[in-house]
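Now for the letters of each chain:
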Amino acid sequence: MLGLRGVSLSFGGVKAIDNLDLDLSDGIVGALIGANGAGKTSVLNVINRFYEPQSGSVQYDDVDILRLRSHQVIKHGISRSFQNVALFNQLTVFDNLLVGADHISRPGLLTNLFRLPKARRHGREARKRAERVLEFLDISHLRARRASELPFGERKLVDMGRALTTDPKLLLLDEPAAGMPEARHESLAKLIRQIPDEWEASVLLIDHSMALVLSAASHVVAMDFGAKIAEGSPDEVRSDPRVIDAYLGPQDAAQQDGAQAEAGLEG
Amino acid sequence: MHNFFQFVIGGLGFGGIYAFAALGLVLIFKTSGVVNFAFGAMATVVTLTLWSLLNHAGLPFAAAWVLAMVIAMLIGGFTNGVLMRRIERSAVLVQIVLTLGLLILIEGLAGVLWGYGPKSIPQPLSGNPVNVASFLITPNDLFIIGLTVGVGLLLFVVFEWTRVGLAMRAIAADREVASLMGIRTNLYVTGSWALGTALSGIAAILVAPSLGLEPTMMDQVAVFAFAAAIVGGFGSLIGAVVGGFLIGVASNLIAAYVSTNLQLTLIFAVIVAVLYVRPDGLFGRQAVSRQ
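Residues numbered from 1 in each chain as written. Chains lettered and ligands numbered in written order. Predicted model: local features only at pLDDT ≥ 70, side-chain atom pairs only at ≥ 80, totals over all residues. Heavy atoms only, no water.

**Here's the deal with the overall build of chain A**
For step 1, the next point in the chain: The secondary structure content of chain A amounts to ten helices and ten strands.
For step 2, the next point in the chain: Out of the 267 residues in chain A, the part that is buried amounts to 53%.
For step 3, the next point in the chain: Considering only contacts in chain A between residues 6 or more positions apart, those separated by 24 or more positions represent 68%.
For step 4, the next point in the chain: With the model as given, the accessible surface of chain A reaches about 11600 Å², and the carbon-plus-sulfur share is 49%. (Helix = DSSP H or I, 4+ residues; strand = E, 2+ residues; numbered from the N terminus. Buried < 20%, exposed > 50% of the residue type's maximum accessible area, 1.4 Å probe, protein only. Contact = heavy atoms within 4.5 Å. Areas by Shrake-Rupley, 256 points an atom, 1.4 Å probe, with all protein chains shown as cover.)

Written out as structure tokens, the structure reads:
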């Protein structure tokens, strides 16, 4: 269970996050929506310990996240994918996933160097998990390709796969649909919906493609200028007048309702 | 033609020495992104320590060598863990300038501690050249070549096939993301400084019997080591080994057929030519910058 209380973050005079409360139950897909610059990625960067908020608290289960350093967050079961994809370009897809498994039951340096049974068993488990992720995302055929050779959409999938390989309890996905053709959004949404059951992890999803979010998430929080403006089921949030204002500017909401869902509301 | 190949073989011994020095440079560069200009001075201190262990402590050569390697790793680990860590968020250029400062500082300190006069340490293997398939080669050169190939292969296997190697490759690709994936990057970077210093220490120990051991001994080797690393692609371990042998053989051929005075000049002419044809070196991969 993730809980943010009164989190505020500003850069100079610009408020990126404004007194945000956010809860995410275990076992569900939640989503943060909002136009570009609404503060969505900043929220992930706070949870990830990239940004230090000026006030507020971030709690995950019993852990005070703000006391951790960024490389420790993953040990508490929180892992993420990146908006711009941060794969290890020179490594193969499979090796990228294996790096994700590195922190699980780490044998000592010497144990590993001399390949003692413990290290070998670990290697097998890591490989098995990476294989499962490849299959789940249907990218097994890319396993030997170097990450830098892949088109952006595939790299997004590998990035998501690496985050899954870390065995997370909470998976943060930063715009997983960006760079993917619209035709694939529905199948991506279906994959994301399966994550809580298949991988025993909850998901916090960010996207400005409303279509993807509505299809993948069961709980949606809408942000504008760093503040929460609406929260609820996808349908509730979609029809909230403040959300429509934030997306399309203050206009006649009823008129825009149909067009908005079709256009996918690219922010 | 027989002479030609004899000169080729004669260059392999020094080639192995350049390879070790280049391996040390490349290993540190791969994980930390820093070109360690102080590597030669650090390696010389390792060798001077070996000299003290032999002459003051009276240790046998093999034991002194092992102990010198341990000290090399401590020096390398200290340099990163204490000196470089403080400025790891500064621009890479700043970090490189610090290693330049270290080069001068360490050479000066070594002169104060050990004196400036050349000292001698024995070769690992002595003995007259032996005849291998009608070519003459000294046992010591054979030892150097074997050690270079063996260590090079070992490093390759560790880097490509073990989890430690995978973690180091991940750090080389993107240190920040590697840390985010739970890899203890500081530990690995310090480890690579330790190992890199041991590798260049081996180069200094092997070259000292030929050049005479004094604080600035490695300055002349450093240029060839940089050349070897660049030819190999500055980032590839195999490239460093192959580059070391290529530079060793090329300089021996230049010395034999042209002039010893032109060795450096022609070596760098060859490097310029290599870089024109393959800007990333023989084994380099195209650099991908993350800005």
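**Observations concerning the sheet that holds strand 7 (residues 170–174) of chain A**
Backbone hydrogen bonds are what pair the strands of a sheet, in a parallel or an antiparallel way.
Residue and element names in this part refer to chain A.
For step 1, the next point in the chain: Here we have six strands laid out as an open sheet, ordered 6-7-8-3-9-10, and mixed in their pairing. This sheet does not close on itself; its edge strands, each paired only once, are strand 6 (78–80) and strand 10 (227–232). Taking each pair of neighbouring strands and ignoring which way they run, the sheet shows an average axis angle of 20°.
For step 2, the next point in the chain: Relative to strand 7, strand 6 is paired through three bridges, and the arrangement is parallel. In the strand pairing of strand 7, I78 is matched with L170.
For step 3, the next point in the chain: Across the face of the sheet, helix 5 (residues 152–165) comes into contact with strand 6 and strand 7 while running at roughly 160° to strand 7. (Pairing = 2+ DSSP bridges. Axes fitted to C-alpha atoms, helices over the stretch in contact; angles between N-to-C directions.)

**Section: the confidence of the model for chain A**
For step 1, the next point in the chain: Here chain A averages 85 in pLDDT, and 86% of its residues register 70 or above.
For step 2, the next point in the chain: Taken as a whole, residues 258–267 of chain A scores under 50 in pLDDT and shows 19 contacts with residues more than four places along the chain or in a different chain. (pLDDT = per-residue confidence, 0-100.)

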